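# Reading the structure
Listed here are the chains, written in short residue letters.
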Amino acid sequence: MNNDNTKLATTALVASGLGAALSYLMFQRQQKSRPRSNSMTFHIPSDAPKSIGNSRTSFIFQDPEYDMNSGDRQSSVSDTTILMPHSHEERMRRRIAARMAVEDENSQPRQSVTVRVPASSANCGPGYDCIGLAVDLWTEVTVSRADEFEITAEGDGAEEMPKDDSNYIVTGVKAAYETANKPMPPLKYHVVSRIPYARGLGSSSAAIVAGIIAGLVLAGHRLPVWGSESLLQIAASIEGHPDNVAPVIYGGFQVGIHNGTRWVTERIPSPPGMQCVMFIPDFIGKTSAARAVLKDTISRSDAAFNIGRVAFLVHALALGNLDNLKWGVQDRMHQPQRAEGLYPHLFPMIKAAEESGACCAFLSGAGPTVMAFTSGASGDIFTQREKERTDYSVAKAMMEVATSYGVKGRIVVTQASQEGARVVKVDPPFSSEFITFRDNV
Ligand SMILES: Nc1ncnc2c1ncn2[C@@H]1O[C@H](COP(=O)(O)OP(=O)(O)OP(=O)(O)O)[C@@H](O)[C@H]1O
Ligand SMILES: N[C@@H](CCO)C(=O)O
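This one's a predicted model, so the numbers in the text were calculated from it and none came from an experiment.

The subject of this paragraph is helix α12 (residues 346-355). A turn of α-helix holds 3.6 residues, and therefore any two residues three or four places apart point the same way. Buried residues of α12: Leu346, Met349, Ile350, Ala352 and Ala353, and no others. On an axial view of α12, the arc spanned by its buried residues comes to 165 degrees, and they lie on one face. What points out from α12, more than 90 degrees from its buried face, is the exposed set Lys351 and Glu355. Of the surrounding elements, those touching the buried residues of α12 are β9 (275-281), α11 (335-341), β10 (360-363), β11 (370-374) and α13 (391-404). Count one or two residues on from α12 and you reach Gly357, which has phi positive near 120 degrees.

Pasting the structure below:
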């Protein structure tokens, strides 16, 4: 090493030594001036908790976000709040403890709850008792603790719906309290109904699901979903099949089966821009009556016909192949029987709808509503030129058939809802000062 190099090395050594000393001094100063409560420090505990300190000699990392005891996000941290820098398990334990505290809080019984549930259209032709979609018409049910039982209703079917405990909303609430293993308190119910009553648009399933959800919230009971779909199990066991209740719970198109142990459902993707044009007769069609006209057995060729159609239906929906929908909704299991016994307008209306531009048409649920799917919608109906869409001409054609058969009714145009049931108001709310849920809109 020559002289110049020696000088250079000495200067570098002195500079780095000075730098280190300066950093150390600044660090000390910072530590003294910083308030302890908000600090993120490494320190060796004198009174470390047994679970951590006694098993490992350790430096401990302090996580300022959570307090282990209260589970609350807060600014002050206790002196014994200590963690190892790499103690992943301990950090997870704390986070879980914090979440448990939130879950505990949200599992407290509530005074009152409002649940919104969508209409639904079951079968879609060949998918008898297994396929259905959520329809963008909503009923709102409020259930509150009260001195005595009462049901009040406004809107569609307000007069007709049972006002005693045979109302399916009460059935749902009872099932929820049984699941929670808690006694059901006296409750009052108010229904704002926008789902046509007993018309094949799932009014009974919506009532069941609304009741179960309301009951669970009031009872403060959470159900698991992953691998069990517990809410679906309760609802489908009351209804007997999942074709309406699955879309009411999850939204969208759903296909549901019983796998021998439990109900299982899957979402079928739905084509964008699809509209639902519905002819809703003025008369009530009870599902019980529409099931009574069906025979217990069908022929092998009819079974084969339906198997092929249902496969086509799911394929057409999933791939957005709208041309194939008209084959996909064909059925020999219930529509011909119901048309013959109860709804003579059905097949002429399906034909008229398809000839005037609908992708397909079928009996909605057990009827009497007839549902047509049309395409071409882009955003809201009021923001698009009429000639770009077919819903108006399809509606007109369906109405003409109804008139010619002397069936009074109305046309409603809406779309599938990708969203299912949801809680819109709770007292006391789930929302806190930190998180706002949609429980207070
Ligand atoms: N809150 C409720 N809302 C609607 N129907 C109820 C309610 N509570 C009890 N019901 C019973 O359910 C019947 C309506 O169910 P039904 O299955 O016949 O029609 P839907 O559910 O509207 O149509 P679908 O099942 O064909 O889609 C009513 O006639 C009534 O007896
Ligand atoms: N899958 C049912 C729907 C009505 O609940 C039926 O067609 O009878």
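Attention shifts here to the side chain of Glu229. By the element assignment, Glu229 lies in the loop between α5 (203-219) and α6 (230-239). The exposure class assigned to Glu229 is buried, which follows from its relative accessible area of 10%. If we ignore the near neighbours within four places in the chain, the residues touching Glu229 are Pro224, Tyr250, Arg262, Trp263, Val264 and Thr265.

Moving on, we come to the packing of helix α4 (residues 168-180) against α5. Closest axis-to-axis distance for the α4/α5 pair is 6 Å, and the angle between their directions is 40 degrees. One element, α4, and the other, α5, form an angle in the oblique class. Helix-helix and strand crossings are classified by hand; for α4 and α5 the assignment is right-handed. Within the contact between the two elements, α4 uses Tyr168, Ile169, Gly172, Val173, Ala176, Tyr177 and Ala180 and α5 uses Ser204, Ala207, Ile208, Gly211, Ile212, Gly215, Leu216, Leu218 and Ala219. Residues that form the contact of α4 with α5 fall into these classes: 12 nonpolar, 4 polar and no charged.

Reading the values: the criteria
Residues numbered from 1 in each chain as written. Chains lettered and ligands numbered in written order. Predicted model: local features only at pLDDT ≥ 70, side-chain atom pairs only at ≥ 80, totals over all residues. Heavy atoms only, no water. Buried < 20%, exposed > 50% of the residue type's maximum accessible area, 1.4 Å probe, protein only. Helix = DSSP H or I, 4+ residues; strand = E, 2+ residues; numbered from the N terminus. Arc of directions from axis to C-beta. Contact = heavy atoms within 4.5 Å. Axes fitted to C-alpha atoms, helices over the stretch in contact; angles between N-to-C directions. Parallel < 35°, antiparallel > 145°, perpendicular 65-115°, else oblique. Left-handed = near helix turned anticlockwise from the far one by under 90°. Nonpolar A, V, L, I, M, F, W, Y, C, P; charged D, E, K, R; others polar.

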